[in-house]
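Descriptive structure summary
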Amino acid sequence: MSESPAAANLVWVCLSILFLCRLAGCDQVGNSRHSQLMQDADNKSAQGDFERAVNLYEAALDDSPRGAEIHYKLALIYDDKLNDPMSALHHFKRYVALSPNGPHAKDVKDSIKRDEIAALTALSGDSAITRGEAARLRNENLTLHKQLEERAASRTAFEKSEGKDARKTGSKKAGQTYVVQSGDTLFSISRKFYKSPKRWKAILEANKKNIRDPKDLTVGQTLVIP
């Protein structure tokens, strides 16, 4: 005896509802796992366990738009904490691919230029980089240095002018200070205070008498933030 069309339709509807419920449950489990991975990764990064943080962030990666923010966090760890410009470059470029107009796009594009130069320096003997590419990167490096020097000169003139005004009024303005933590670099400190790594040279200039090696800051050292 064959089933009636109404009965067949009812069975199909029930199966469809069951499938959708299971699919929603899977999505909830997936979202819960992703949230836990991100929370654990953020905690490890805050504790200074950057290698473990990298593993957790990578476990949370996917090709959805939310992956762009993970790539950005990975790039910052490789760039500021692990001194690995090549890995940072990869994740910065993945961020741009997933979120070309995202909130960090401008900072990412500037960081890509800087890390391309750093990668060129690290691989200067590698034949994979053509002479034309090397020349292009060197020209960009010169342009960036020129921009930094012009901004530093402009800031120095402004600070001198402010200093004269302050002396005239007899007032003194205390500058900001920062105590160096484990894993800090001039790039990461610049990003912390100015939301951009570009001001590292100004921080170096303000503390050049106390910084022996710009690449190896002393933990516990107090820096003046201009």
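All of these numbers come straight from a predicted model, not from anything done at the bench.

Calculation criteria
Residues numbered from 1 in each chain as written. Predicted model: local features only at pLDDT ≥ 70, side-chain atom pairs only at ≥ 80, totals over all residues. Heavy atoms only, no water. Helix = DSSP H or I, 4+ residues; strand = E, 2+ residues; numbered from the N terminus. Salt bridge = Lys/Arg side-chain N within 4 Å of Asp/Glu carboxyl O. Buried < 20%, exposed > 50% of the residue type's maximum accessible area, 1.4 Å probe, protein only. Contact = heavy atoms within 4.5 Å.

**Some points on the environment of Y78**
Its place among the elements puts Y78 in helix 3 (residues 67-81). When the C-alpha atoms of Y78 and V54 are compared, they prove to be 8.7 Å apart, with 24 residues separating the residues in sequence.

**Some points on the pattern of salt bridges**
What the rule picks out here adds up to 11 salt bridges. One salt bridge in this structure joins D42 and K73, with 3.1 Å as the shortest N-O distance. One end of the pair, D42, is in helix 1 (residues 5-47); the other, K73, is in helix 3, with 31 residues separating them in the sequence. By relative accessible area, which is 31% here, D42 ends up partly exposed. As a salt-bridge pair, E205 and K208 come within 3.7 Å of each other at their nearest N and O atoms.

**Let's talk about the side chain of D184**
Locating D184 in the fold gives a position in the loop between strand 1 (176-179) and helix 7 (186-194). Overall, the relative accessible area of 11% leaves D184 in the buried class. Setting aside residues up to four positions removed in sequence, D184 forms contacts with K81, Y178, V179, I189 and L217.

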